[in-house]
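Analysis of the macromolecular model
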Protein chains: 2
Amino acid sequence: MNVQEGKDKFIQAWGALGSNWGVSRTMAQIHALLLIAPHALSAEDIMEDLKISRGNANMNIRALMDWGLVYKELKTGERKEFFIAEKDMWDVVKKIIAQRKKKELEPMLKILEELSAVEGTGPDAENFVQVVRDIKLFSNKANATLDKLVQSDSNWFVKVFMNMI
Amino acid sequence: MNVQEGKDKFIQAWGALGSNWGVSRTMAQIHALLLIAPHALSAEDIMEDLKISRGNANMNIRALMDWGLVYKELKTGERKEFFIAEKDMWDVVKKIIAQRKKKELEPMLKILEELSAVEGTGPDAENFVQVVRDIKLFSNKANATLDKLVQSDSNWFVKVFMNMI
DNA sequence: CAAAAGTTTCAGAAGTGATTGAAAATATTG
DNA sequence: CAATATTTTCAATCACTTCTGAAACTTTTG
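Predicted, not measured: the structure shown is a model, and the values here were computed from it.

Time to look at the protein's contact with DNA strand C. Around DNA strand C there are 17 residues in total, and A:Thr26, A:Ser53, A:Asn56, B:Asn58 and B:Arg62 lie nearest to it. In DNA strand C, atoms within 4 Å of the protein come 67% from sugar and phosphate. Side-chain polar atom of A:Asn56 to a phosphate oxygen of DNA strand C: 2.9 Å apart, as the coordinates give it. Within the contact set of DNA strand C, a phosphate oxygen lies 2.2 Å away from a side-chain nitrogen or oxygen of B:Asn58. Sorting the residues of the surface near DNA strand C by element identifies helix 4 (54-67) of chain A together with helix 4 (54-67) of chain B as the ones contributing at least two each. Taken together, the residues of the surface near DNA strand C sort by class into two nonpolar, eight polar and seven charged.

Turning to the interface of chain A and chain B, a few remarks are in order. Taken residue by residue, the interface counts 51 residues in chain A and 51 residues in chain B. Carbon and sulfur atoms supply 76% of the area buried between chain A and chain B, which totals about 4800 Å² over both sides. Counting every contact that joins chain A to chain B gives four salt bridges. One can count 12 residue pairs in polar contact (both at pLDDT 80 or more) joining chain A with chain B. For the side of chain A that touches chain B, the secondary-structure elements that each account for two or more residues are helix 1 (3-18), helix 2 (25-36), helix 5 (89-115), helix 6 (123-151) and helix 7 (154-164) of chain A. By residue number, the principal contributor to the side of chain A that touches chain B is helix 6 of chain A, which donates 14 residues. Its residues assigned to classes, the side of chain A that touches chain B shows 35 nonpolar, six polar and 10 charged.

Cut-offs and rules
Residues numbered from 1 in each chain as written. Chains lettered and ligands numbered in written order. Predicted model: local features only at pLDDT ≥ 70, side-chain atom pairs only at ≥ 80, totals over all residues. Heavy atoms only, no water. Near = heavy atom within 4 Å. Polar contact = N/O pair within 3.5 Å; in protein donor to acceptor, adjacent residues only side chain to side chain. Helix = DSSP H or I, 4+ residues; strand = E, 2+ residues; numbered from the N terminus. Nonpolar A, V, L, I, M, F, W, Y, C, P; charged D, E, K, R; others polar. Contact = heavy atoms within 4.5 Å. Buried area = accessible area lost by both parts, 1.4 Å probe. Salt bridge = Lys/Arg side-chain N within 4 Å of Asp/Glu carboxyl O.

Set out below in structure tokens:
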């Protein structure tokens, strides 16, 4: 396999993976392209390489920057903006976890809190209250664990990994 | 809030959460409904409660059983099949992780392996090979860690949680 | 074994989210 | 400030996934 074939395959695979992770296909492909680019790319470069529209490129680059997965790089003497990807995988995973925690776990915790206000009697009500209590307990633990994880440095993962084996 | 309102809200929220987790909206709603039901429900019950079609109910119940999130319960003297949900949250999360690992991480590892066969010279090729190597290393660690996690019992999570705080 | 009860399948409909492309806005240059 | 380069926005379109509902199939019962 030559380099170009390899790159294409990687971009394709990273895009597919991303779409299961709350990162849209194109968003993940742009990230993949920047990961394997030996230098910063412009929006134009990205559009051409991935054969996507200007609007699509712009939207997804911005989303990637919001997530902290891509950074802007301004070259002196150049009017265009260039972009580079975060390449530390642990950092990438942490940033994705942070986003999903905010978008998914936190709203769920809020709802569970509200559901604690449910009143009623009988087996239905008792069972419901118990299930909600269990899930809330679990979710709070998960939330605290993920907080630690997101704050941790890259070595943390290595340490946990070592401890587990 | 009364019990019925609470249940509806919970089913709604669980469905929304699920759709970010590779569990389709309906699949998650059925799981939610079974979680808070004080006894096993039939396909018919589920269709009525969630106002979904027979086909939809059937497909998603089957998927939930495939994932190990729902079990069949046969009542003596009853012709219908009844269903109950796995209620241990740690078990639920483990089962979802196991599915996603199989569906996402493992194919990616396979592709990274293939990409190691890329040949070429120059900064492009060198950078590519390096990026692939880094990701492969990270993914293998993640894979091993998730294996342990999936095999671990419910107390493991509590222990890790305690260690982290 | 025929009727009844229950389950599964699947082609088309509906719904959802992503993408395009052209126009508007913004920034830079001489 | 006008001309030019670049980025952003957004309504319409497209692609993809999920859902419906009727028909086919399977199982159970008398």
